[in-house]
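Chain residues, written in single-letter form:
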Amino acid sequence: MLPSRDIYTFFKHIGNSAKIIFSNKNHVVRNFYVSANYAGQVSFKLSDIGEGIREVTIKEWFVKVGDKVAQFDEICEVQSDKASVTITSRYDGIIKKLHYKIDEMASVGRPLVDIETDAEGQEQEKVQVTNEEPVEEKPIETSKNEPGMEVLCIPSVRRLAKEYKIDLSSVKGTGKAGRILKEDILKYLEKGAVHEVSREVLHDKTEPIKGFQKAMFKTMTDALKIPHFVYSDEITVSKLSELRRTIKTLPEGQDLKLSFMPFFIKAASNALQRYPVLNATLDTSGENIVYKGQHNIGIAMDTKAGLAVPVIKNVQKLTIIEINNELNRLIASGRNGTFSPQDLSDGTFTISNIGAIGGTYMKPIIMTPQVAIIALGTSQVVPRFDDANNVIPVEVLNLSGAADHRIIDGATMARFVQTLKKQIQEPYLLFLNQ
Ligand code: CO6
């Protein structure tokens, strides 16, 4: 084991068919050989990694039988107690056999993979690794080589350069005698990509806050003075979903666009009937609560022009179908940008269905001068226990309600949400209040 104070040194000797990560800067790499038999099929033997290492563990294969490999493609990663080495191919060809499984010990000098080569006489070379202390790899210079200077590289590197339309005379080789290596090309490409990005001129842009965004700016800035609390719960919507599905099978329901929303709007109105403080405003003096007679429920709506909150008026008087008709009218107005000023005013309570987009719990912000808001998450089928402790699939939707804590306490909000929840979980209750 190496002392922990040792500085881990990363050293790559490219062109030797291996990337070597040394675990001790004092280690010196000596003879590192790649050897092979030459036939249609070659046995690519695990080379001498030096330092007396005779065995390594196969950590990862980067190829499988049948894969086509080119010279310098990564074959596998092996690990000894001193070094982690990525072995790369010396040949162009097709992998015919992997001699080891992951975590097996591979012996130096014994076959690692068999490769069916496609080129005659791919030169075998004893590759001498430096006897010097390993050093951090230097960044590759990309300055032009001398004009007329011979560019040295192997065919696969030349092919790579051609593929990326790189002029090889622009790449500084870091291999033996200035040879251009695959890594030199890759570094050159990386630098090129950086230049591409830096060539783009990114301008700042200033634009006025206007339209719905301006209204949002004002109401949300006003909302800062409200001490919000948030109360959340999970609501089972399995029966409501079943109800919607059933309605859609009926002749009367077939052309109906009927989402969760009209049911939640009606359930909220029924619950507001019981807890009117949530359908109230604070007067400007801040000394009086104004309980609103009408349930004018604002619906947060994501429109092309931004967040709008059109209002369904007098919900307490409407049936679910009437609420649905009004909701669909407002959705169409939002889509066409044809809200009237009346559509957007006099809300007394708000519902935000962000679940149409996604999400579970949130912290909705109250629209002044109102004092409460609820937000719905996405309904999803989840495992839950039934009364007999069996796991059953249940469709749930998460609801988060925020209230002005100056005039509404947590218990009131909790009771309001529980009243609403009961009606959604047992939807026939919705019809008893109409
Ligand atoms: N769960 C699962 N599926 C849903 C849900 C939820 N919560 N809501 C809608 N849907 C389904 C819906 O049932 C429709 O499916 P089908 O019935 O199968 O056709 C489908 O998604 C499309 O619904 P759609 O959006 O057209 O109608 P819906 O009546 O449910 O909603 C709307 C109308 C205007 C509320 C909605 O379109 C919308 O704009 N939602 C975004 C509201 C928004 O931006 N709120 C953010 C305000 S800021 O609250 C805020 C705290 C922060 C996050």
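**Observations regarding the sheet that holds strand β3 (residues 41–45)**
Within the open sheet, the four strands sit side by side as β3-β10-β8-β5. Their pairing is antiparallel. Only two strands of the sheet have a single neighbouring strand rather than two, namely β3 and β5 (68–69). Here β3 runs beside strand β10 (residues 111–117); their pairing, made up of five bridges, is antiparallel. Bridge pairing in β10 places V42 opposite I115.

**Remarks on the nonpolar core**
F264, L278, F349, F416 and L420 are the most contacted members of the largest nonpolar core, which totals 46 residues. Every element with two or more residues in this core is listed here: β11 (228–236), α5 (261–274), β14 (297–303), α6 (320–336), β17 (349–353), β18 (372–376), β20 (391–404) and α7 (410–425). When neighbours within four sequence positions are excluded, L278 is seen to be in contact with L272, T348, F349, V371, A372, A403, I408, T412, M413 and F416. Formed by 22 residues, the second largest nonpolar core is a distinct cluster that contains V63, I75, C76 and I87.

**Comments concerning the packing of aromatic side chains**
In the structure shown here, the tally under the stated rule is four aromatic pairs. With centroids separated by 6.0 Å and ring planes inclined at 85 degrees, the aromatic side chains of F44 and Y91 adopt a geometry described as edge-to-face. Here the residue F44 occupies a position in strand β3, and Y91 occupies one in the loop between β7 (83–88) and β8 (93–98), the gap between them amounting to 47 residues. Residue classification places F44 among the buried positions, given a relative accessible area of 1%. Y91 sits in the buried class, given a relative accessible area of 2%. Pairing F260 with F264 gives two aromatic rings, centres 6.5 Å apart and planes at 85 degrees, and the pair type is edge-to-face. Just as F260 is buried, F264 falls in that class too. Lying across the ring of F260, R244 places its NZ or CZ 4.7 Å from the centre.

The rules behind the values
Residues numbered from 1 in each chain as written. Predicted model: local features only at pLDDT ≥ 70, side-chain atom pairs only at ≥ 80, totals over all residues. Heavy atoms only, no water. Pairing = 2+ DSSP bridges. Helix = DSSP H or I, 4+ residues; strand = E, 2+ residues; numbered from the N terminus. Core = buried A, V, L, I, M, F, W, Y, C linked by side-chain atoms within 4.5 Å. Buried < 20%, exposed > 50% of the residue type's maximum accessible area, 1.4 Å probe, protein only. Contact = heavy atoms within 4.5 Å. Phe/Tyr/Trp six-rings, centres within 6.5 Å; stacked < 30°, edge-to-face > 60°. Lys NZ or Arg CZ within 6 Å of the ring centre and 35° of its normal.

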